[in-house]
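Given next are the chains, with one letter for each unit.
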Amino acid sequence: MPARARSRAIGRPRQDSGIAARELLLDSAMQLFAERGAAATTIARIAARAGVTPAMVHYYFSDRDRLLDAVAGERLLPTLRSVWAPVAETGEVLPMLRGLVRRILKATEVMPWLPGLWLREILSEGGLLRSRVLKGMPFEYVRHLIATVAAAQREGTINRDLDPRLVLMSVLGTTLLPLATMHMWREIPVMQGVGREDLARHAEALLVSAFSPPQQRRTRGK
């Protein structure tokens, strides 16, 4: 093999193996960000988790900022869009909410570190991924859900006391937050045996109940 070819083989992975190595590095980074936070995760630790050298991380991402951009742009934002985009396919609130719950649970099966990452890097102050994710988050679908809830309230088919702007918080609070703390509440004796499907049914039931029309008040004297 010519020296030039040998040099290229040593210095650069082949295209197919290179794609796999890059994907592995992104997965390793997300896992560690969820466990420790991005600020506390070094390039060396990411490399060790992936089983490569730190030089390989720099080869694919140049620097830490490029790695953070890739995690947000190639992992988190596409996942958020796949979860939220189907919202625009219906004009009914309850199917929207049921679909959101199911898609969030499905996404966290594929990316089990997503809830912890969301809690550490998006919700917590100082999260290094927050601005990157919020900048590209598909808010047009969130706005569609808000508008649909508000329209249903005007029609009297949904509880008027609910604030449409807080629907997003309600969905995340019944899905990602419990998933992010699952390792803790599973240690509580009365919570043992509660699984993801239990969580999905519970979240759906809470949201459907909350967004259903309020019960008619009893008239006085009855």
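Computed from a predicted structure; not experimentally measured.

Peer 1: Explain the layout of surface pockets residue by residue, including any values.
Peer 2: Here the largest pocket is characterised by a volume of approximately 320 Å³. As for the largest pocket, its lining consists of 14 residues, of which Pro112, Trp113, Gly116, Leu179 and Ala180 are closest to the centre. Elements represented by at least two residues in the lining of the largest pocket include exactly helix 2 (15–36), helix 7 (114–123), helix 11 (176–180) and helix 12 (182–185). Its residues assigned to classes, the lining of the largest pocket shows eight nonpolar, four polar and two charged.

Peer 1: Could you give an account of the side chain of Arg75, naming the residues involved and the relevant values?
Peer 2: Tracing the backbone through its elements, the reader meets Arg75 in helix 5 (residues 64–84). What makes Arg75 buried here is its relative accessible area of 12%. Side chain to side chain, Arg75 and Glu23 meet in a polar contact 3.1 Å long. The residues contacting Arg75, other than those within four sequence positions of it, are Glu23, Leu26, Asp27, Met30, Ala70 and Met111.

Peer 1: I'd love a proper account of the packing of aromatic side chains, names of residues and values included.
Peer 2: Going through the model one piece at a time under the given rule, you end up with two aromatic pairs. Where Tyr60 meets Phe61, the ring centres are 6.5 Å apart and the plane angle is 55°; that geometry is what we call tilted. Here Tyr60 matches Phe61 in class, with each residue buried. Linked through ring pairs, Tyr59, Tyr60 and Phe61 together constitute an aromatic cluster.

Cut-offs applied
Residues numbered from 1 in each chain as written. Predicted model: local features only at pLDDT ≥ 70, side-chain atom pairs only at ≥ 80, totals over all residues. Heavy atoms only, no water. 1 Å grid on protein atoms, 1.4 Å probe; cavity = no way out; pocket = protein on both sides within 12 Å on 5 of 7 lines; lining within 4 Å. Points joined across faces, edges and corners; volume = space filled by probe spheres on them. Helix = DSSP H or I, 4+ residues; strand = E, 2+ residues; numbered from the N terminus. Nonpolar A, V, L, I, M, F, W, Y, C, P; charged D, E, K, R; others polar. Buried < 20%, exposed > 50% of the residue type's maximum accessible area, 1.4 Å probe, protein only. Polar contact = N/O pair within 3.5 Å; in protein donor to acceptor, adjacent residues only side chain to side chain. Contact = heavy atoms within 4.5 Å. Phe/Tyr/Trp six-rings, centres within 6.5 Å; stacked < 30°, edge-to-face > 60°.

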